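Below, each chain spelled out in residue letters.
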Amino acid sequence: MVDLEKDLATLAETLVKAANNPNINLALSRAVKSYRENVNKALSRFPHTVERAREVREIKLQALSNLQVLYEKAAKSIEENHGKAYLAKDGSEALKIVSEIVGTGKLIVKVKSMVGEEIGLREHLEEKGNTLWETDLGEFIQQLRNDRPMHILSPAIHIPREEVAKLFSAFFEKEIPPEIAAEVAAVREFMREKYFKADIGISGANIVAADTGSIFIIENEGNGRLATGAPPVHIVIVGLEKLVPTLDDAFKTAEVTWRYAQYTVPSYVNIISGPSKTGDIEKVTTYGAHGPKEFHVIFLDNGRLALSQNETFKEALLCLRCGGCLYECPVFSLTAGYYGYKYLGGIGSIWTAFVAGGIEKAAPLAYVCLRCGRCQERCPMKIDVPRMTLALRQILTGNHAD
Amino acid sequence: MLEISITPPATIELVRQNILKYKNPLGLKGRELTSWAEGLNFSHDSEYLFYTGTEYQMLPYIDSLVKALKTMNQLGSGKKILFGLRNLVDKFGFNPEKIYAGILARDRDKTANILRKHVQILNSLGIVPQYLGEEELYAGALLYEYGYLNDLREIARKLSEIFKSRGIKKIIVASPHAAEMLREVYPDFVDFPFEVYTMPEFLAANFAKLSPKAPTKKIVIHDPCRLARELDVFAEIREVLKKSGYSEVIELPQSGKFTTCCGGATKLLFPELAEALAKQRVHELEKSGGEEIVTACPYCYFNLSQYSNLPVKDLTEILI
Ligand code: SF4
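Residues numbered from 1 in each chain as written. Chains lettered and ligands numbered in written order. Predicted model: local features only at pLDDT ≥ 70, side-chain atom pairs only at ≥ 80, totals over all residues. Heavy atoms only, no water.

**Brief notes about the environment of D45 of chain B**
- Secondary-structure assignment places D45 of chain B in the loop between α2 (30-34) and β2 (48-51).
- Judged by its relative accessible area of 66%, D45 of chain B falls in the exposed class. (Helix = DSSP H or I, 4+ residues; strand = E, 2+ residues; numbered from the N terminus. Buried < 20%, exposed > 50% of the residue type's maximum accessible area, 1.4 Å probe, protein only.)

Here it is in C-alpha cells:
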C-alpha cells in the first residue's frame with residue numbers, strides 16, 4: 001500500500017526547495033535558452049531532420065514489436081565480429097556479468113550511460129574494489145559531488161561555473177579559476193593518463209544495428225573514443241530498446257538523436273562492431289591491435305521486453321534520450337533532476353514505473369506532470385507522455401473500467 | 001500489468017467528493033454558481049447552449065480552498081484516516097457562506113463580468129443561448145486529470161442526458177478544460193451528438209457580425225495549454241484580434257503549440273510549485289514588451305493575474 005499523500009508531501013518539499021535554489025534557476029535558464037537557440041538553428045540548417053524523425057519513429061516502432069529477434073540477430077553479428085554478447089534479464093544479472101569480466105582491483109574509465117545509472121554500475125564496481133572514473137565532464141562533476149545526474153545529457157546542468165571552480169580547486173588541490181576553459185583543461189590533464197593506464201573502458205550506446213552488430217556512441221568531448229579505444233577491454237551496457245534492424249536505420253536514428261540533443265553536428269560518432277584487429281603480418285588476423293582486445297556487449301532487459309508488449313505504454317521505449325523534452329518541461333526548468341528518480345521528467349515517470357524503480361517510486365512522480373504537453377511538441381519521437389501519465393494515474397486509482 | 005493500491009491524498013479525495021456530491025470541485029452551490037447570469041437574456045429552447053462548466057465561478061474561491069487544504073493537511077494523514085474522508089468532506093466541504101465569507105465582492109464581480117461578456121457577445125451575434133443554471137454540472141476535467149475515469153463517465157452520461165432533454169445541438173464552452181472533456185473525451189464514453197465550440201473558435205467563425213472595441217494597448221498573448229495543444233486552437237485568437245484592429249500582437253517564442261503552463265494545473269496538489277510556475281510564465285510575458293496579457297481560460301486568467309504587474313484580460317473583455 002502506497003501512502004501517496006505522504007510521498008507527495010515529501011516530493012513537494014524537494015521540488016519547492018529545488019525551485020528556490022538560485023543555482024538551479026541560473027543554470028537552467030541559461031541551459032534552456034541555449035538549447036532552444038541551438039536546436040532551432042540546427043533544424044533550420046538541416047530541415048530534413050523533422051521528416052527523418054518521423055521515419056525513425058516508424059523504424060523504432062517496428063523494432064519494438066521484434067526486440068527478441070533483433071537481439072538474437074545482433075548477438076550473432078557481434079559474435080561473428082569476435083565480440084561477446086550477453087542478455088541480462090535485470091540489473092543484478094547485468095552487474096554480475098560485468099563483475100565477472102572486470103574482477104577486482106582494476107582501473108576503469110567510464111563514458112556516461114543512463115543504463116549505468118539505472119543499475120547502479122559505478123557504486124557496484126567500486127564496492128568490488130575497483131577504481132572508476134567518470135570521463136564525461138558533467139558526470140565527473142557529479143561524481144566528485146557524490147550526487148546523481150540532473151539531466152540525461154548534461155548531468156551537472158544545475159551547477160554554474162563558479163560552483164565548479166570551488167569543487168575542482170578542492171579536489172585538484174590547486175586554485176582553478178571560475179572560467180570554463182580552465183575547468184575543462186584541469187580535467188583533461190587529470191584524465192589523460194587514466195585512459196592509457198585503465199584496464200577497462202565502459203560505455204553505453206545510443207543505437208545498436210542488429211545486422212552488423214555495430215554500436216553507436218555520439219559525443220563531443222572525445223572521452224568516448226579514448227575510453228573505448230585505449231584500454232584493452234571495452235564493455236558496453238545497452239538497453240534492448242536501442243536495437244534497430246540495420247546499419248542504415250542506425251545512421252538515421254543517430255542523426256535524429258544528435259540533432260535534438262543540440263549537437264547539430266557532433267564532433268564524434270563512434271561506431272564499434274568488434275575488438276581491434278590487424279592482418280598486416282602475413283594476413284593472419286590478430287585481435288587486440290591498438291584498440292581493445294576484448295569487446296563485450298551486455299544487452300539489458302530489466303522490464304523492456306515486457307514493456308514492448310504493453311500497448312498502452314510501449315511508446316516510452318521509443319525515447320532516444322535526446323533530452324529535448326526536459327528543456328521544454330516547465331517543472332524541470334525549475335527543479336532539474338529533482339523531478340525524477342533515475343530517469344527524469346515526464347517520460348522518466350513512465351520509465352520509473354516499468355523499468356527503473358517500480359510503480360511505488362513512480363506514483364508520486366506521476367502526479368507532478370502538468371500534462372501541459374509541451375514535451376510532446378519537442379520530442380522527435382512525438383512520445384505522448386501526457387496520455388501515458390494519465391494511464392498511469394488510472395492504474396493508481398483503479399477507477400477505470402478495464 | 002502493474003498492480004498497486006494507494007491511499008489517495010486527501011486533497012484529491014476532497015475535490016473528488018465535492019464533484020460527486022455537489023456539482024463542483026469546490027462544493028459551491030446555488031447563487032454562488034448562477035448569480036452572474038441574473039438579468040441576462042437566455043432562451044429555453046435555443047439549439048445553442050452556453051456552458052460554463054462552473055469554472056469561471058470558482059476563481060474567487062480557489063485561494064480559500066488552497067488555504068483550507070493547508071489547514072486540513074496539518075491534521076496529518078493518520079488523523080485524516082481517523083476522521084474518515086467522507087467526514088472531512090463534510091467538515092471542510094465548503095459551506096460557502098461560512099468558509100468563503102471573506103471573498104471580496106470585487107473579485108466575484110470581476111469573474112462574473114467575464115461570463116456576462118461571453119453571453120453579451122453571443123447576443124450581439126444574434127444568438128440567445130440556453131443556460132443550465134442550477135442544473136449545470138462541472139465537466140469533470142479534474143477527475144480526468146487525477147485518473148478517475150469511472151467517475152468521469154458518470155458525469156458524461158448525466159450531462160449528455162441533460163443536453164439531449166433540452167434539445168441542444170451546439171455547445172459554446174467557456175473553459176478549454178471543459179471543452180476538452182466534451183469534445184475529446186466524452187465521445188469515448190457516451191453517445192455525444194453535439195457540436196462543441198470554444199469561444200475563440202466561435203468568435204473567429206462569426207466575426208463578421210461582431211463590432212469590437214477599438215484597440216487600446218499593445219497585446220501579448222498567453223495561449224492556454226489545453227486550448228493550443230489538445231484543441232489545436234491558437235490561430236483563432238490571433239485572427240479575432242487582427243480583425244478587431246490589432247495590427248500587431250506580440251508573440252512570445254513560447255506561444256501557440258509551444259506555450260507553457262500557467263501553474264494552474266498543479267495548484268491543488270503542489271501549490272508552491274504552482275506559484276513558481278506562474279511567476280516563471282509571468283516573467284516571460286512581462287518582458288515581452290506587451291502592455292496587456294490576453295488569454296482565454298479561467299485558470300490562466302486567474303493564475304497570471306495573481307502575479308502579473310500587467311493587466312490580464314480574457315479575450316471577451318478585449319472585444320466588448
Ligand atoms: S521523450 Fe522524446 S524528447 Fe524526451 S528524451 Fe526521449 S526522445 Fe528526447
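This is not the end of the story, as more comes after the structure.
**Focus: empty space enclosed by the protein**
All names here are of chain B.
- Inspection of the entire model under this criterion finds five cavities of 30 Å³ or more.
- Lining of the largest cavity is provided by 34 residues; of these, L142, H177, G264, A265 and T266 occupy positions nearest its centre.
- Elements with a contribution of two residues or more to the lining of the largest cavity: α3 (59-73), α8 (141-146), α12 (225-230) and α15 (298-307).
- Considered class by class, the residues forming the lining of the largest cavity number 24 nonpolar, four polar and six charged.
- Of the volumes computed, that of the second largest cavity is approximately 140 Å³. (1 Å grid on protein atoms, 1.4 Å probe; cavity = no way out; pocket = protein on both sides within 12 Å on 5 of 7 lines; lining within 4 Å. Points joined across faces, edges and corners; volume = space filled by probe spheres on them. Nonpolar A, V, L, I, M, F, W, Y, C, P; charged D, E, K, R; others polar.)

**Points about the interface of chain B and chain A**
- Taken together, the contact between chain B and chain A spans 43 residues of the former and 42 residues of the latter.
- Of the roughly 3,800 Å² buried between chain B and chain A, counting both surfaces, carbon and sulfur atoms make up 62%.
- Applying the counting criterion to the chain B and chain A interface returns one salt bridge.
- Notably, a salt bridge pairs R371 of chain A with E145 of chain B, separated by 2.8 Å at the nearest N-O pair.
- At the boundary of chain B and chain A, one finds twelve residue pairs in polar contact (both at pLDDT 80 or more).
- Breaking the side of chain B that touches chain A down by element, the ones donating at least two residues are β1 (6-7), α1 (10-21), α4 (76-83), α8, α9 (149-165), α12 and α14 (271-286) of chain B.
- Among the elements that make up the side of chain B that touches chain A, the one with the highest residue count is α14 of chain B (five residues).
- Residue composition of the side of chain B that touches chain A, grouped by class: 21 nonpolar, eleven polar and eleven charged. (Contact = heavy atoms within 4.5 Å. Buried area = accessible area lost by both parts, 1.4 Å probe. Salt bridge = Lys/Arg side-chain N within 4 Å of Asp/Glu carboxyl O. Polar contact = N/O pair within 3.5 Å; in protein donor to acceptor, adjacent residues only side chain to side chain.)

**Brief notes about the domain arrangement of chain A**
Residue and element names in this part refer to chain A.
- Entries for chain A in the domain assignment read domain 1 (4-45 + 311-396) and domain 2 (66-305).
- Computed over C-alpha atoms, the centres of domain 1 and domain 2 are 24 Å apart.
- Opposite the 39 residues of domain 1 that make contact, domain 2 presents 31 residues.
- Summed over both sides, the interface of domain 1 with domain 2 buries roughly 3,100 Å², with 61% coming from carbon and sulfur.
- When the buried area of domain 1 at its contact with domain 2 is split by residue, L320, R321 and K342 rank highest and sum to 17% of it.
- Counting the contacts that link domain 1 with domain 2 gives one salt bridge.
- Residue R321 is joined to E241 by a salt bridge in which the shortest nitrogen-to-oxygen separation is 3.9 Å.
- In this assembly, domain 1 and domain 2 are joined by five residue pairs in polar contact (both at pLDDT 80 or more).
- Of all the secondary-structure elements, those providing two or more residues to the side of domain 1 that touches domain 2 are α2 (22-45), α14 (324-328) and α16 (345-354).
- The greatest single-element share of the side of domain 1 that touches domain 2, amounting to 14 residues, is contributed by α2. (Domains from an automatic or database assignment.)

**Some details on the sheet that holds strand β9 (residues 243-244) of chain A**
Residues and elements named next belong to chain A.
- Strand order in this open sheet of four strands is β9-β6-β7-β10, and the pairing throughout is mixed. Since the sheet does not close on itself, it has two edges, and those belong to β9 and β10 (268-272), each with one partner.
- Here strand β6 (residues 207-209) pairs with strand β7 (residues 214-219) via three bridges, running antiparallel. Residue I207 lies in a different strand from β7, and its bridge partner there is F216.
- Across the face of the sheet, helix α12 (residues 247-260) comes into contact with β6, β7, β9 and β10 while running at roughly 15° to β7. (Pairing = 2+ DSSP bridges. Axes fitted to C-alpha atoms, helices over the stretch in contact; angles between N-to-C directions.)

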